[in-house]
Amino acid sequence: MALASRLGGSTLLAAVLALAATVGASPARADRCDDSARELANQIDRLKVNFKAANTVYLTHPLAKELSVACRGDKFAIELYAKGDRKPKPEFISLVGAMAALVFSVTKDDTTTGASRCLKRMGLLRGDKVNMRFRRLTLECQRNKTEAWIAVTRGKDE
């Protein structure tokens with residue numbers, strides 16, 4: 001009250017309004033996962049943001065059974081995960097390549113080639129789990145009797 005009597009009512013009101021305007025005008029910060037998910041949804045047809053849980057944003061697309069973008073893992077800065085049929089169609093591989101190109105800022109040709117090589121290497125000789133590096137990206141592919149999935153990551157130090 002002593003401060004209010006010394007400053008006067010109108011000066012105090014102006015100071016409070018200025019403080020409120022400063023706090024209210026600061027932009028809301030979204031994390032990298034939200035930004036990546038929004039950019040993916042804007043750039044790729046029929047891709048929709050489903051929901052967010054912890055540090056993972058789940059997406060939906062007709063060509064994939066599951067899609068997600070995750071941030072801040074123990075060993076990676078950002079991860080793209082996609083699950084499809086056991087024998088992935090070229091459209092699914094193209095979708096994974098397009099998504100990885102946008103998330104990791106690599107050309108679509110490179111990411112599509114990496115995803116295609118990883119998914120096609122699984123088989124009788126190499127087994128149902130393949131790990132590989134391609135263009136500074138780590139690709140991990142797995143499959144079971146009905147599904148195949150790929151996780152594309154970039155390490156924290158890259």
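Residues numbered from 1 in each chain as written. Predicted model: local features only at pLDDT ≥ 70, side-chain atom pairs only at ≥ 80, totals over all residues. Heavy atoms only, no water.

(A) Molecular detail of the sheet that holds strand β7 (residues 147-155). Strand order in the open sheet formed by 7 strands is β1-β2-β3-β4-β7-β6-β5, with antiparallel pairing between adjacent strands. Strands with a single pairing partner mark the edges of an open sheet, and in this sheet they are β1 (48-53) and β5 (129-134). Here the strands of the sheet are splayed against their neighbours by 15° on average, with no regard to which way each runs. Sheet analysis places strand β2 (residues 56-60) next to strand β3 (residues 66-71), joined by 4 bridges and oriented antiparallel. Of the residues in β3, the one forming a bridge with V57 is V69. Taken strand by strand, helix α4 (residues 90-104) contacts β2, β3, β4 (76-85), β6 (137-143) and β7, and its axis lies near 170° from that of β4. (Pairing = 2+ DSSP bridges. Helix = DSSP H or I, 4+ residues; strand = E, 2+ residues; numbered from the N terminus. Axes fitted to C-alpha atoms, helices over the stretch in contact; angles between N-to-C directions. Contact = heavy atoms within 4.5 Å.)

(B) Structural detail: the nonpolar core. L40, L59, L67, M99, F104, L139 and I150 are the most contacted members of the largest nonpolar core, which totals 37 residues. If you tally residues by element for this core, the top one is α4, at 9 residues. Once residues within four sequence positions are removed from consideration, I150 is found in contact with L80, Y81, A82, V96, A115, C118, L119, L139, E140 and C141. (Core = buried A, V, L, I, M, F, W, Y, C linked by side-chain atoms within 4.5 Å. Buried < 20%, exposed > 50% of the residue type's maximum accessible area, 1.4 Å probe, protein only.)

(C) Examining the pairing of β2 more closely. Pairing analysis gives 5 bridges linking β1 to β2, with the strands arranged antiparallel. Note on β2: the bridge partner recorded for F51 is Y58. Taken together, β1 and the strand that follows it, β2, pair antiparallel across an intervening segment of 2 residues, in which A54 is found at a positive phi of about 55°. Between the antiparallel neighbours β2 and β3 lie 5 residues.

(D) Summary view of the side chain of H61. Here H61 shows up in the loop between β2 and β3. We classify H61 as buried; its relative accessible area is 8%. From its side chain, H61 meets the backbone oxygen of D45 in a polar contact 3.1 Å long. Those residues in contact with H61 that lie beyond four places of it in its chain are I44, D45, R46, L47, L67 and L95. (Polar contact = N/O pair within 3.5 Å; in protein donor to acceptor, adjacent residues only side chain to side chain.)

(E) Up close: the packing of aromatic side chains. For the structure on display, the rule yields 1 aromatic pair. Positioned above the aromatic ring of W149 is the side chain of K83, whose terminal nitrogen or guanidinium carbon lies 5.3 Å from the ring centre. One cation-aromatic arrangement involves R135 over F134; the distance from NZ or CZ to the ring centre is 5.2 Å. (Phe/Tyr/Trp six-rings, centres within 6.5 Å; stacked < 30°, edge-to-face > 60°. Lys NZ or Arg CZ within 6 Å of the ring centre and 35° of its normal.)

(F) α4, seen in detail. Helix length check: α4 (15 residues) gives 21 Å between terminal C-alpha atoms against 21 Å at 1.5 Å per residue, within 8%. Of all 15 residues that make up α4, 11 are buried, and the element is covered over most of its length. Looking only at α4, the buried set comprises F92, I93, L95, V96, G97, A98, M99, A100, A101, V103 and F104. Among the residues trailing α4, S105 stands out with phi positive, at a value near 55°. (Expected span 1.5 Å × (residues − 1).)

(G) Broad picture of the state of the cysteines. Following the criterion strictly, the structure yields 1 disulfide and no others. Across the disulfide, C118 is cross-linked to C141 (sulfur-sulfur distance 2.0 Å). Across the S-S bond linking C118 and C141, the dihedral sits near 140°, which makes this disulfide right-handed. Separated by 23 residues along the polypeptide, C118 in helix α5 (residues 108-121) and C141 in strand β6 bring together distant segments of the chain. In this structure, C118 and C141 share a single accessibility class: buried. (Disulfide = S-S within 2.5 Å.)

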